[in-house]
Amino acid sequence: MKKLTSLLLLFFTFLSTQAQILDPVKWKTSVEKKSDNEVVLVFEAAIDNEWHMYSQFTPDGGALPTVFTYKDSKGNYEIVGKTKESEYKKVFNDVFEVDEYYFANKARFTQTIKVTNPNLKSVKAAISYQVCKEACIQQDKTFEFVLPALKIAASEATAGSVSDTLQTAATVDTAAVKETVAAVDTAKPIGKKEEQKGLFTIFIIAFFSGFAALLTPCVFPMIPMTVSFFTKQSKTKAQGIKNAVIYGISIILIYVLLGSLVTAIFGADALNALSTNVWFNIIFFILLVVFASSFLGAFEIMLPNSWANKVDRQADRGGIIGILFMALALAIVSFSCTGPIVGTLLVEAASKGGIAPIVGMLGFSLALALPFMLFAMFPGWLNSLPKSGGWLNTVKVVLGFLELALAFKFLSNADLVLQLHLLEREVFLAIWIAIFGVLALYLFGKITLPHDSPLSHISVGRLYMGLLVLMFTVYLIPGLWGAPLKLISGFPPPMTYSESPYGVGNAKGGSSTASEKLPDGAKLGAHDIMAFTDYEKGMAYAKSVNKPVLLDFTGFACVNCRKMEDFVWSKPEILAVLKEKVVLISLYVDDKRELPKNEQYVSKETGKEIVTVGNKWSDFQITHYKANAQPYYIILDNQENRLSEPVGYTPDAEEYKLWLDTAIAKYK
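Definitions and cut-offs
Residues numbered from 1 in each chain as written. Predicted model: local features only at pLDDT ≥ 70, side-chain atom pairs only at ≥ 80, totals over all residues. Heavy atoms only, no water. Helix = DSSP H or I, 4+ residues; strand = E, 2+ residues; numbered from the N terminus. Contact = heavy atoms within 4.5 Å. Areas by Shrake-Rupley, 256 points an atom, 1.4 Å probe, with all protein chains shown as cover. Expected span 1.5 Å × (residues − 1). Buried < 20%, exposed > 50% of the residue type's maximum accessible area, 1.4 Å probe, protein only. Pairing = 2+ DSSP bridges. Axes fitted to C-alpha atoms, helices over the stretch in contact; angles between N-to-C directions. Polar contact = N/O pair within 3.5 Å; in protein donor to acceptor, adjacent residues only side chain to side chain. Disulfide = S-S within 2.5 Å. Core = buried A, V, L, I, M, F, W, Y, C linked by side-chain atoms within 4.5 Å. Parallel < 35°, antiparallel > 145°, perpendicular 65-115°, else oblique. Left-handed = near helix turned anticlockwise from the far one by under 90°. Nonpolar A, V, L, I, M, F, W, Y, C, P; charged D, E, K, R; others polar. Patch = residues over 30% accessible without salt bridge, like charges linked within 9 Å, V, L, I, M, F, W, Y side chains within 5 Å. Salt bridge = Lys/Arg side-chain N within 4 Å of Asp/Glu carboxyl O. Lys, Arg positive; Asp, Glu negative; His and termini not counted. Charge placed at Lys NZ, Arg CZ, Asp CG, Glu CD.

A. Region of interest: the overall build of the chain. From N to C terminus, the chain includes 20 helices and 17 strands. Considering only contacts within the chain whose residues lie at least 6 apart along the sequence, 73% involve residues at least 24 apart. With an accessible surface of roughly 32900 Å², the chain has 62% of that area assigned to carbon and sulfur atoms.

Right, dumping it as structure tokens:
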């Protein structure tokens, strides 16, 4: 009995280590009739816990997007618009300096088609997508939709080939142009908690922005004036406090209403989509430069005086309505200072989508309203307020410099999407160094601007602020020579988007391998490790140099593959092994290059058509190793015999080193 139990345990252990064909996304399809000649194809994905798949709109430089291809449409049906999808999560990843858009738990996609062939019985659609957890899997699925009975007019059945153009627009394989992108960190399931964290961050930033607006010349002088008005006009102290609280709540309502209108007019998804649009990023850049110029003193941005006069007359009505109009008057009169900050906040909040604009306006208005309420409750505090003066304009100018620096982030976004390489990392950093360098000179009193008061000396607080800005400027300078600058990760373009990816004056990172002639089929990979991307060529080379092979199933957009390369392979003790003791063969399962026609085939293992280089290596992994997840590492001798059990994502460098050494020691 004990022997039987042991054998069963061994058997199930074997199964658990070998049965690694993962399929974390389960699909359900259906057809909805929309009209006599239109139907909606519905794709519903149930995603396993902790796994997530990517949106069609995930930005360049990140994971591979989901791609839909609708087959045999010519003369049969037309694609109406683009494939729509349910709401996705958007989180910035500071490791890879890119946003990631993905679905967790479930996703829904819909595509409307207009049927033009009355004899059409079904439609075939293919989906290519990436799904990640600790490993990443590139999946391809094909579905056939059986169409319901339709009434198609003859004119529609003989329509021209407009559908060809529409389909091209709808099914462009955006993954194909992303063969060399870096992956984003998708290892952590984010879900609701991360969404709440993002909104909390927006709220905090908005709150401090409201506090900054409070310290501008348009708002700060109004605190004692407004509080004095309430205390003098009210018959009792309690009534004064009540009126001031209503005034503060009115300010909050006005700004929250503004955020609500922006969200309602554009919609949560539209705002999110706009934030990644090239032209809107350029418009935001111009807008922020205009705001910055206003803060620096070039001109004043003001709403029409007639608005303020009309609102002011309504404020004389008294009661709650009068107080509400007083709050509206504050918003209009102070617009020259608060407008640029509010505009910037709405732009930034829009990039988060959802209710972020509402949350942002809540944080901003709360900071703006609190002083009016608190000083009304405790009028004696007014005596402790600093007097208005030139320092208020200094705050305004500092905000102008910050707006100017932020503007170039939006211009950089547009440049990255278009891949124009006009604003590469070095240029971006040079601009920031210039902006913050001039700001430091301003704070030290070496530069004055139009609305500055005469300055005989600088305060200690201004000196400290100047030193802080100067230190930040000096910190940026090594970035021109390749320093990572993790403090501002996500603002400048990534290291790969640079004139000198290895640093100025260091064309290949100083590796001696760089100057050597590489064997046929080899290239320099991560950390200048020589790597083959073709299995046969790599094995042939391993035989010629009598070394074992490290077979690396990877992907251009594989999350943890990049993490392994960046944080494990980079360790000196591991890097030495990879460069000197093994031959690395890296097979990219998401390589979208099409195979020559004579090399395309149908997989005996899965029954799928193998048409791309990535399909070939994915099928190779499934057929030979019964696994489909990446990263996936195996050490072989040059006769293709295993020297180790395969391992996947192994973030512990010591564990990975032990695995390497144990396998290499078996090589004869």
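B. Structural detail: helix α8 (residues 278-296). The end-to-end C-alpha distance of α8, which contains 19 residues, comes to 27 Å, matching closely the 27 Å that a straight helix rising 1.5 Å per residue would cover. Those residues of α8 lying buried are Val278, Asn281, Phe284, Phe285, Leu288, Phe291, Ala292, Ser294 and Phe295. Downstream of α8 by one or two residues, glycine 297 has phi in the positive range, about 110°.

C. Summary view of the sheet that holds strand β2 (residues 38-47). Read from one edge of the open sheet, four strands run β1-β2-β8-β5, paired in antiparallel fashion. Two strands bound the open sheet, and with one partner strand each, they are β1 (25-33) and β5 (77-85). In this sheet, neighbouring strand axes are inclined to one another by 20° on average, regardless of whether the strands run parallel or antiparallel.

D. Inspection of the environment of aspartate 452 at higher detail. Mapping aspartate 452 onto the fold places it in the loop between α14 (425-443) and α15 (460-476). A relative accessible area of 19% places aspartate 452 in the buried class. In this structure the C-alpha to C-alpha distance between aspartate 452 and glycine 297, which are 155 residues apart in sequence, comes to 9.0 Å. Residues contacting aspartate 452, with those up to four places away along its chain left out, are Asn393, Val397 and Tyr442. Of note is the side chain of aspartate 452, whose polar atom sits 2.8 Å from the side chain of asparagine 393. For aspartate 452, the side chain forms a polar contact with the main-chain nitrogen of leucine 449, separated by 2.7 Å.

E. Structural context of the state of the cysteines. The final tally for this structure, using the stated rule, is one disulfide. Each sulfur of the disulfide joining cysteine 132 and cysteine 136 lies 2.1 Å from the other. Its S-S torsion of approximately 115° makes the covalent link between cysteine 132 and cysteine 136 right-handed. Assigned by exposure class, cysteine 132 and cysteine 136 land together as buried.

F. Layout of the nonpolar core. One finds Ile223, Tyr247, Ile251, Tyr255, Phe364 and Leu368 to be the most contacted residues of the largest nonpolar core, which totals 38 residues. Contributions of two or more residues to this core are made by α4 (191-214), α5 (222-233), α6 (237-266), α10 (319-333), α11 (335-350), α12 (356-377) and α13 (390-418). Residue contacts for isoleucine 223: discarding those within four places in its chain leaves Leu214, Pro371, Phe372, Phe375 and Leu385. By size, the runner-up hydrophobic cluster in this structure holds 32 residues, among which are Ile79, Phe109, Ala125 and Val131.

G. The packing of helix α18 (residues 572-580) against helix α20 (residues 653-665), seen in detail. The contact between α18 and α20 brings their axes to 10 Å, and the two run at 30°. Relative to α20, α18 is oriented roughly parallel. In this structure, α18 meets α20 at a crossing whose hand is left-handed. Note on element contacts: α20 touches α18 through Ala653, Tyr656, Lys657, Leu660, Asp661 and Ile664, opposite Glu573, Ile574, Val577 and Leu578. Residue classes in the contact of α18 with α20 are distributed as seven nonpolar, no polar and three charged.

H. Representation of a negative patch on the surface within the structure. Among the surface-exposed residues, Glu573, Asp652, Glu654 and Glu655 lie close enough to one another that they form a single negatively charged patch. As for its placement among the helices and strands, aspartate 652 is situated in the loop between β17 (632-636) and α20.

I. View of the pattern of salt bridges. This structure, assessed with the given rule, holds nine salt bridges. Of the charged contacts in the structure, one is a salt bridge between arginine 593 and aspartate 591, with a shortest N-O distance of 2.7 Å. For arginine 593, a relative accessible area of 43% corresponds to the partly exposed category. What makes aspartate 591 buried here is its relative accessible area of 4%. If you follow the salt bridges from partner to partner, you end up with Glu32, Glu44 and Arg108 in one network.

J. Highlighting the packing of α14 against α15. For the pair α14 and α15, interaxial distance at closest approach is 8 Å and the crossing angle is 160°. As far as their axial angle goes, α15 and α14 are roughly antiparallel. In the packing of α14 onto α15, the handedness of the crossing is left-handed. Contacts between α14 and α15 involve Leu429, Trp432, Ile433, Phe436, Gly437, Leu439, Ala440, Tyr442 and Leu443 on the former and, on the latter, Arg462, Met465, Gly466, Val469, Leu470, Phe472, Thr473 and Leu476. Partitioned by chemical class, the residues of the contact of α14 with α15 number 13 nonpolar, three polar and one charged.

K. Representation of the pairing of strand β13 (residues 549-554) within the structure. For β13, the tally of buried residues reaches six of six residues, placing the bulk of the element in the interior. Both faces of β13 are covered, namely the face carrying Val549, Leu551 and Phe553 and the face carrying Leu550, Asp552 and Thr554. By the bridge criterion, six bridges tie β13 to strand β14 (residues 583-588) in an arrangement that is parallel. Pairing of phenylalanine 553 across the sheet is with leucine 587, part of β14. Note that β13 and β17 share five bridges and pair antiparallel. Across the sheet, valine 549 pairs through a bridge with leucine 636, a residue of β17.

L. Geometry of the environment of leucine 441. Structurally, leucine 441 is set in helix α14. Those residues within four positions of leucine 441 in sequence are excluded, and the remaining contacts are Lys446 and Ile447.

M. Local environment of a nonpolar patch on the surface. On the surface, Val460, Leu463, Tyr464, Leu467, Leu470, Val474, Ile477 and Trp481 cluster together to form a nonpolar patch covering roughly 750 Å² of accessible area. Mapping tryptophan 481 onto the fold places it in the loop between α15 and β11 (522-524). Overall, tryptophan 481 belongs to the exposed group, its relative accessible area being 52%.

N. Representation of the side chain of threonine 612 within the structure. Examined against the element boundaries, threonine 612 turns out to sit in the loop between β16 (609-610) and α19 (613-625). In this structure threonine 612 comes out as buried when scored by relative accessible area, which is 13%. Within the local environment of threonine 612, its side chain forms a polar contact with the backbone nitrogen of asparagine 615, the two atoms lying 3.0 Å apart. With near-sequence residues (within four places) excluded, threonine 612 lies in contact with Asp591, Lys592, Arg593, Glu594 and Leu595.

Just geometry here; none of it tells us what the structure is for.
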